[in-house]
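Residues per chain are reported as follows:
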Amino acid sequence: NLINWEPGSDALPQLPDWSNPGKVWAPEVARNNAGYALYYTTSAMSSGVQCVGVGVATKLTGPYIDKSRKPLVCQPDEGGSIDAHPFTASNGQRYLFWKNDGNAIGSDTYISVQQLDGTGTALVGKPKRLFKQDLPWEGRLVEAPFVWEENGKFHLFYSANAFDSDSYAIGHAIADTPLGPFTKSQEPVVASNDVAAGPGHCALIR
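One structure accompanies this document, and this report is about it. Here the structure is a predicted model, which is why all the values come from computation and not from measurement.

1. Regarding the sheet that holds strand 11 (residues 183-184)
Phase 1 of the analysis: Strands sit in the order 8-9-10-11 across an open sheet of four strands; the sheet is antiparallel. Because the sheet does not close on itself, it has two edges, and the strands there are strand 8 (142-150) and strand 11.
Phase 2 of the analysis: Relative to strand 9 (residues 153-160), strand 8 is paired through seven bridges, and the arrangement is antiparallel. The residue of strand 9 that forms the bridge with Val-142 is Ala-160.

2. What about unusual backbone geometry?
Phase 1 of the analysis: In this structure, the amide linkage connecting Gly-62 to the following residue, Pro-63, adopts the cis form with an omega of 10 degrees.
Phase 2 of the analysis: Cis peptide bonds are those with omega within 30 degrees of zero, and the linkage from Gly-180 to Pro-181 qualifies with 5 degrees.
Phase 3 of the analysis: Within the secondary structure, Pro-181 is located in the loop between strand 10 (169-175) and strand 11.
Phase 4 of the analysis: Phi is positive for Asp-83, which is not a glycine, with a value near 60 degrees.
Phase 5 of the analysis: Note on Asp-83: relative accessible area 4%, which makes it buried.
Phase 6 of the analysis: We note that Asn-151 has phi near 50 degrees; this positive angle belongs to a residue other than glycine.
Phase 7 of the analysis: With respect to the helices, strands and loops of the structure, Asn-151 is situated in the loop between strand 8 and strand 9.

What counts and what doesn't
- Residues numbered from 1 in each chain as written.
- Predicted model: local features only at pLDDT ≥ 70, side-chain atom pairs only at ≥ 80, totals over all residues.
- Heavy atoms only, no water.
- Pairing = 2+ DSSP bridges.
- Helix = DSSP H or I, 4+ residues; strand = E, 2+ residues; numbered from the N terminus.
- Buried < 20%, exposed > 50% of the residue type's maximum accessible area, 1.4 Å probe, protein only.

Written out as structure tokens, the structure reads:
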């Protein structure tokens, strides 16, 4: 009922060999052509930065298995890669959105997108940068993308500013295709209020 929650079993009980233990977070699950795919952020041993991995399962509750030899997305020269968000458009095309962790090294952060294959475990083509932090309220970063399709338009919600402050907030951008170009709303659509200080990393449901 989305109100009363109980903990379940570990959805990803074993990490791939390339991942360090102890810092596995920001999971999102999507259907693929054989069941489900779980995207997660973790620390990679070889680069020492955070990267995106993906595991698969036949049941929504898992267990998810990641047999990969390397991360699905990793940008060590750009601070790493986090906050993966899988999205399937109404035409069946699958995409992965994420953020480079540039603020970890004092660089710009970008929301990027790339097409996924039917399994959801491989990227197709080349990644595309959509936008970075360039509005006053966004502070030093943008992150946590979430995409919603409605009436032929694609709405990208994202978080910006410092997550550990009341300046953290949720922004919005709109485009005609999942690959953009996206036009941002100039102000956040959800900011600190009587219910929550520093709201962010949103998801929408109908």
